[in-house]
Every structure is written in structure tokens, then in C-alpha cells.
Amino acid sequence: MRVEEVPDPRIEQPTDAIIKVTSTGLCGSDLHLYETLAPFMESGDVVGHEPMGIVEEVGADVTDLAVGDRVVVPFNVCCGSCWMCEQNLYSQCETTQNHEHGTGASFFGYSKLYGQVPGGQAEYLRVPYADFLPVKVPHEHDDDRFLFLSDVLPTAWQAVKYAAVPDGGTLLVLGAGPIGDMAARMGVEAGYRVISVDRIPERLARVAAFGAEPLDLDEAEQVGGVADVVRESTDGRGPDSVIDAVGMEAHGSPAAGLVQKFAGMLPDAVAEPLMKNAGLDRLAALYTAIDAVRRGGTISISGVYGGAADPMPMMQLFDKQVQLRMGQANVRAWTDELLAKLVDDDPFGVDGFATHHLPLEEAPSAYSHFQKKEEGMVKVVFRP
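Description of the structure in this document. (Residues numbered from 1 in each chain as written. Predicted model: local features only at pLDDT ≥ 70, side-chain atom pairs only at ≥ 80, totals over all residues. Heavy atoms only, no water.)

1. Description of the packing of aromatic side chains
- Summed over all chains, the structure comprises seven aromatic pairs.
- When the centroid spacing of 5.1 Å and the interplanar angle of 90 degrees are considered together, the rings of Phe-75 and Phe-107 count as edge-to-face. Of this pair, Phe-75 sits in the loop between strand 3 (70–72) and strand 4 (76–77) while Phe-107 sits in strand 5 (residues 106–107), placing them 32 residues apart in sequence. Just as Phe-75 is buried, Phe-107 falls in that class too.
- Taken together, the ring pairs in this structure connect Phe-75, Phe-107, Tyr-110 and Tyr-114 into an aromatic cluster.
- The ring centre of Tyr-162 lies 3.7 Å from the NZ or CZ of Arg-325, which sits over that ring.
- Above the plane of the ring of Phe-132 lies Arg-332, whose end atom (NZ or CZ) is 5.4 Å from the centre. (Phe/Tyr/Trp six-rings, centres within 6.5 Å; stacked < 30°, edge-to-face > 60°. Helix = DSSP H or I, 4+ residues; strand = E, 2+ residues; numbered from the N terminus. Buried < 20%, exposed > 50% of the residue type's maximum accessible area, 1.4 Å probe, protein only. Lys NZ or Arg CZ within 6 Å of the ring centre and 35° of its normal.)

2. Some remarks on the nonpolar core
- Membership of the largest hydrophobic core comes to 39 residues, with the highest contact counts inside it found for Phe-148, Leu-149, Leu-153, Met-182, Met-186 and Ile-243.
- Among the secondary structure elements, those contributing two or more residues to this core are helix 3 (144–147), helix 4 (152–163), strand 8 (170–174), helix 5 (178–189) and helix 13 (331–342).
- Among the elements that line this core, the one with the most residues is helix 4, at seven residues.
- Leave out the neighbours within four places in its chain, and Ile-243 touches Ala-159, Val-160, Ala-163, Leu-171, Leu-172, Val-173, Leu-174, Ala-183, Ser-300 and Ser-302.
- Of all hydrophobic cores here, the second largest spans 24 residues; its members include Leu-65, Met-84, Tyr-90 and Cys-93. (Core = buried A, V, L, I, M, F, W, Y, C linked by side-chain atoms within 4.5 Å. Contact = heavy atoms within 4.5 Å.)

3. Topic: the sheet that holds strand 10 (residues 213–216)
- Across the sheet, which stays open at both edges, the six strands sit in the order 10-9-8-11-12-13 with parallel pairing between neighbours. Edge positions in the sheet fall to strand 10 and strand 13 (323–326), since each has one partner strand and no second. For this sheet, the mean inter-axis angle between neighbouring strands, taken without regard to orientation, is 20 degrees.
- Bridge count between strand 9 (residues 193–198) and strand 10: four bridges; the pairing is parallel. Each bridged residue has a counterpart across the sheet, and for Ile-195 the counterpart in strand 10 is Glu-213. (Pairing = 2+ DSSP bridges. Axes fitted to C-alpha atoms, helices over the stretch in contact; angles between N-to-C directions.)

Right, here's the structure in full:
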């Protein structure tokens, strides 16, 4: 990962816009490009999928956006008019699906697996479908009030929606990184009892300050595991709903970790089909979710998984009558609802959500520190 001077993007289609990026986030899923999905990366790829900024130029056919508008750009590249988009399934946009790799809608800055679209950790960004995709936001407030509409807020919001927590119910959130942290905040705001699991003290302190009950993973494992601890505090049943906000970065799966590392060292032509067709994930978090959720409960998966040959405890899932919902966030489906909550208030604490604001020049070291969970990094915002 490095910072380089590259040619500025330009209008390529009459429906494009160019924005000058004022803030852009570092996402936990960016770390997958750092290791697990590295075979799909090529030298010169521009990464980043959480940008916002000011419109610098618009194409000839753009009518709803003007130079000077302040916008947030969702990470899904979606047209807004195909059949999938009409169902609000923007992460499955048929116009930008990647048939070569069998994946859904393209993403900004996320390798050739998802369209190889230049991303937003840059000074300028070309935004397609400019009359639909960008979210216009007020010029009031600092960037952080609206920046997280690009990914964190809608991803966490969808995770909570998919979790289908009953009124007054208990929600277990696995992982207190950016998405897990925000999902916990949203659960508390909705009036649920929220139990948040992580092994990083600083992350647990953040969710505790917002009203969630912190549960240290290492301490729980010493007394029987997360599922046993949570069942003890939920009348022996387990939580009504579980959000897996960890995905394939989970600890506790050394064999899968070795497979991922081995694949990353192979030539791309060999590693790509291996990761797509025979890849193994680190499933510790998902197994915990399946074990912990009460019978008849719901598991909502927002953490990214990439394996295709993972053993699943199907008997346990069936016997417990567990409901599963998952998928990339359909960002544009939720942005209007969320924006309305942010204009005059800050119910989810977004103004203080970022732990680090850094110049773009420090991105390589930030990736390294974030991957190692050093320096208290939970959410990094770059200022190009």
C-alpha cells in the first residue's frame, strides 16, 4: 500500500460527476485487500470506498447535481433503474454486476473481483450515475456528521434491521470494530438490551459508554465461552438476535488462516480460483453466533466472508430453527432515512466516532496499525 501521484479522473460518460474528496474512511473490509483478497489486486489499483466531497464537474446529462454540491458517495456502484435496484437491492445492481467473477454490484476501490473501479482514498473521484448515486448533504456540520453514510451507518443499520430484534429483546453483537460498534449504538438507541463482544479493551469501553454491556472475549472463553456466558444472563435461552460483525478476520481458526496466507503467496492465476472455489474462512465468530442465538432466533451477518468450501453446522442450524440474513449493505436503500436523523441531531455519536484523522500521506502506516489493532485505532478518516 502506497501513496502515488496519478492522473486526475475525468468525465467518461455524460452521467458522471467528479468530486474533490474532502474526507474518506478506512474500512475494516479494506484490510481484506491487504491479505485475503490480495490475489485480485493489481499494481496501481486505487482503493477506498467511503468518500465524500464537493462536486467539481458534472457530465452533460446530469440534471440533479451541480458544481459546489456537497455529497457522500455510497460504496455500491449502482444505476438506480435496473430490476435489482428497483427492489432496493443496490448491492446486486444488474448494470454493474461482475459476471466474470460471479459477484454482485461493483464497489469503489475493491479489486477486479468487484469491478476494479478506482476508489475514494484519493484527492478526486469519478462518480458514475451521478443523478442517483451520490447523496446530497447540507453544508452545515463537519464532514464526520455525514461521512459515515457512505458505509458504516447503512451497513450497521441493515445489520440491525436484518437481526429482527423483538421489542425489548436482547441483541448480541460480535465484534466492536466500526460496524459492530455502530450496530451496538443503534441497538441501544432502539431500546434493546445490547451485549457487545470484543477482546480489545478500548473498543469495549466505547460501546459501554454508549450503553451496551461489554463482554471481554478472552474472559468469556475462560469460563465456557461467549454462548454459555450470554445464556446465563438470558434465562438460559440465549439472545433473540446476534449480529456477526466480525467475518473472516475472526481469531480461533488457525487452519483457515494458514490457507488464506498460503493463497496470498501463490501467483494470482493460481490463487484466484483457489480463493473463489476452495477458499476457507475463519468461522469462529459465525460458529459463536450459531451456538449463542436462542432457538427460533435470528443471525444477521454483516462481517465479510469469502470462502466457498466452509463446513457449516447444518444440523444445529436446522434443529434450532435459526433464521439467517446476510449480504453487502444496500447503501442507497437506507441513506435518506439515516440522513434525516443526522441533519439536526447526532443520535449515534457520529461526530466523535472516528478515533483518528490523518492526512492521506499517512495511509500506508495507518493500514498497518489498523490491521494490528494498534494505537487505539477503531475508525480512521483521511483528509486528502
